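A look at the structure
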Amino acid sequence: MQRDRTHYLYIAVIVAVALGIAVGLIWPDAAVELKPLGTGFVNLIKMMISPIIFCTIVLGIGSVRKAAKVGAVGGIALGYFLVMSLVALAIGLVVGNVLHPGDGLQLTDALKQTGHAQVESDALPPVDFVLSIIPTTFVSAFTEGQVLQTLLVALLAGFALQAMGSAGQPVLRGVEHIQRLVFRILAMVMWVAPIGAFGAIAAVVGSAGVDALKSLAVLMLGFYLTCFLFVFVVLGALLRIVSGVNVLLLFKYLAREFLLILSTSSSESALPRLIAKMEHLGVSKPVVGITVPTGYSFNLDGTMIYMTMASLYIADALGTPMSVGEQIPLLLFLLLASKGAAGVSGAGLATLAGGLQSHKPALVDGVGLIVGIDRFMSEARALTNFAGNAVATVLVGTWTKEIDGERVQRVLRGELPFDETTLSEEGRAVTDLSEPREEELAKA
C-alpha cells in the first residue's frame, strides 16, 4: 500500500495549533495581527464549497430515474432537522435552568454598547430569507458564495439532466470530470492548513486571553458538557438504533475534519471533505448532496444549544430571570430566527443578538457579556454542528435505503481507506440509484 503522506500534514496542524496558543499567550498583540492567516485559509476552503455542492448534487440527481426519491430525501432531511433543533433547544433549556451561570454578574455601559453592536443587519425575516434563496442570475450563486442558492441551481440542473435521459449522459460525464478537478484543487489547498490553523488559534488566544475566561468558566464548561452529552448520548444512541453504527467509529473516521474545525473555529472548512467522506462511506450522492448542504443551514444543533443557554445566562445576568412561560416563546422565535441567519458570518452571536433585538430588546444589553468568549464557545458550536450533520447524513441514508451498510462497516473498520490525495474515488462510475434493472439484465 502507498504511504499516506497527508498523515504528516495533520501532525503539522496539531503542532501549529500548539504554537498558536503559545504565541497568543506570550505575545498577544502580535498574535492578533496573525488573524488574516486563518481567515485566508478558511476563505480558500469556502471558495471550493459551491462547485463541490453543485457537482455532487447534479451527479446524484441526474443519475436517479425517479424524481420522487429526491423529494423523499429532502422531506425526511428537513423533518429530521426540525425535530433535532427542538431537541437541542430543550436540552440547552434544561441545563441553563439547572446551572444559572449568570447570577451575580455586573453589567457596565461599555458592555451594553458592545452587545448592541453585535446585532447583525444581514439576518433576514423568514419571508425575505426564502426569497433570498433565488439567485439574481444562474451563475451568481457561485460568484456570491451562497450555499442555498447553489443548492437550488444544482437541483434544477440535476432534474433537467434527469429529464433529458441518455442525451444528458455526456453532460454528466463532464460534470464528473469537473468534480475530480475540484477535489484535486481542494487537496492542494489542504496543505496550507497548518498556516491557517496557526494564525486562527493565535488570534483567538491573543484577543481573549486567559483573564476573559475566568468569570465565564461556568457558562463555557456547561455549554461544552451539554454539547458533549447531546452528541454522544442523543446522537450516538439514535445512530446505533437506526443505522447500527458506532458513533465513536464514525467520529474516528472523521477525526481529521474535527481537527480542522477545532483549529479554524469554522465548520464550513470541513464541508467539502464531509461530502467526499460521506460518499466514500457508502451513502448515495443525492442523500449526501442534499442533506449536507441543507444541514449546514438548517441543522445547527450546536447553535441551538448555544442560543438557549446564552439567552438564559444574559437574562440572569441582567437580574431579570425568565419563567418557563417566557422562555418557550423566546426559544421558538430563536429557532425561526436562526434559519434566517443561515450563512451569515459569525452566525451564532449575530443570530442571538438579532433574535433578542426582535423579540426582547432589553436582553441585547447583555450580549456584550459573552463577546469575549464567543470564539471559544464557537469551537464547541462548530464541532457539534458538524457532528450533527455527519450523523444526519447516515440516518437519512438509512431511512431512504440509500446507503450501503456493508460498505459502511468496512470503511469504519479501515478496510477501505479514504484517498486523501484526491478526496474522491478515481474511476468510480456516476452513481445510478435507480431500481435494480432485472428486466434489462434478463434481456442481456
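Model, not experiment: these values are computed from the prediction.

As for the UniProt feature "transmembrane region" (unreviewed entry) in the protein
Here the UniProt feature "transmembrane region" (unreviewed entry) sits at residues 7–27, 47–64, 76–99, 147–164, 185–210 and 216–242. Helix makes up 100% of residues 76–99 and strand 0%, with an end-to-end C-alpha separation of 35 Å. Helix makes up 100% of residues 147–164 and strand makes up 0%, while its end C-alpha atoms are separated by 26 Å.

Notes on unusual backbone geometry
The phi torsion at K401 lies on the positive side, around 60°, for a residue other than glycine. Position of K401 among the secondary structure elements: in the loop between α20 (368–399) and α21 (405–412).

A word on the pattern of salt bridges
Going through the model one piece at a time under the given rule, you end up with six salt bridges. Between R180 and E176 there is a salt bridge, with the nearest N and O atoms lying 4.0 Å from each other. Residue R180 and its partner E176 are located together in helix α9 (residues 169–189), separated by four residues, close to a single helical turn. What makes R180 partly exposed here is its relative accessible area of 24%. Given the relative accessible area of 13%, E176 is considered buried.

Topic: the nonpolar core
Among the nonpolar cores identified, the biggest contains 113 residues, and L250, L254, M278 and L281 are the most heavily contacted of them. Look past the residues within four positions of M278 in its chain and what remains in contact with it is L250, Y253, L254, V283, V288, A390, T393 and V394.

Notes on the packing of helix α3 (residues 35–62) against helix α8 (residues 147–164)
Interaxial distance between α3 and α8 falls to 8 Å at its minimum, and their mutual angle equals 30°. Looking at the two axes, α3 sits roughly parallel to α8. The chirality of how α3 crosses α8 is right-handed. Touching I49, S50, I53, F54, I57, V58, I61 and G62 of α3 are V147, T150, L151, V153, A154, L155, A157, G158, F159, L161 and Q162, all from α8. Its residues assigned to classes, the contact of α3 with α8 comprises 14 nonpolar, five polar and no charged.

Here is what the cut-offs are and how they apply
Residues numbered from 1 in each chain as written. Predicted model: local features only at pLDDT ≥ 70, side-chain atom pairs only at ≥ 80, totals over all residues. Heavy atoms only, no water. UniProt positions renumbered as here; feature names shortened; annotations may be inferred. Helix = DSSP H or I, 4+ residues; strand = E, 2+ residues; numbered from the N terminus. Salt bridge = Lys/Arg side-chain N within 4 Å of Asp/Glu carboxyl O. Buried < 20%, exposed > 50% of the residue type's maximum accessible area, 1.4 Å probe, protein only. Core = buried A, V, L, I, M, F, W, Y, C linked by side-chain atoms within 4.5 Å. Contact = heavy atoms within 4.5 Å. Axes fitted to C-alpha atoms, helices over the stretch in contact; angles between N-to-C directions. Parallel < 35°, antiparallel > 145°, perpendicular 65-115°, else oblique. Left-handed = near helix turned anticlockwise from the far one by under 90°. Nonpolar A, V, L, I, M, F, W, Y, C, P; charged D, E, K, R; others polar.

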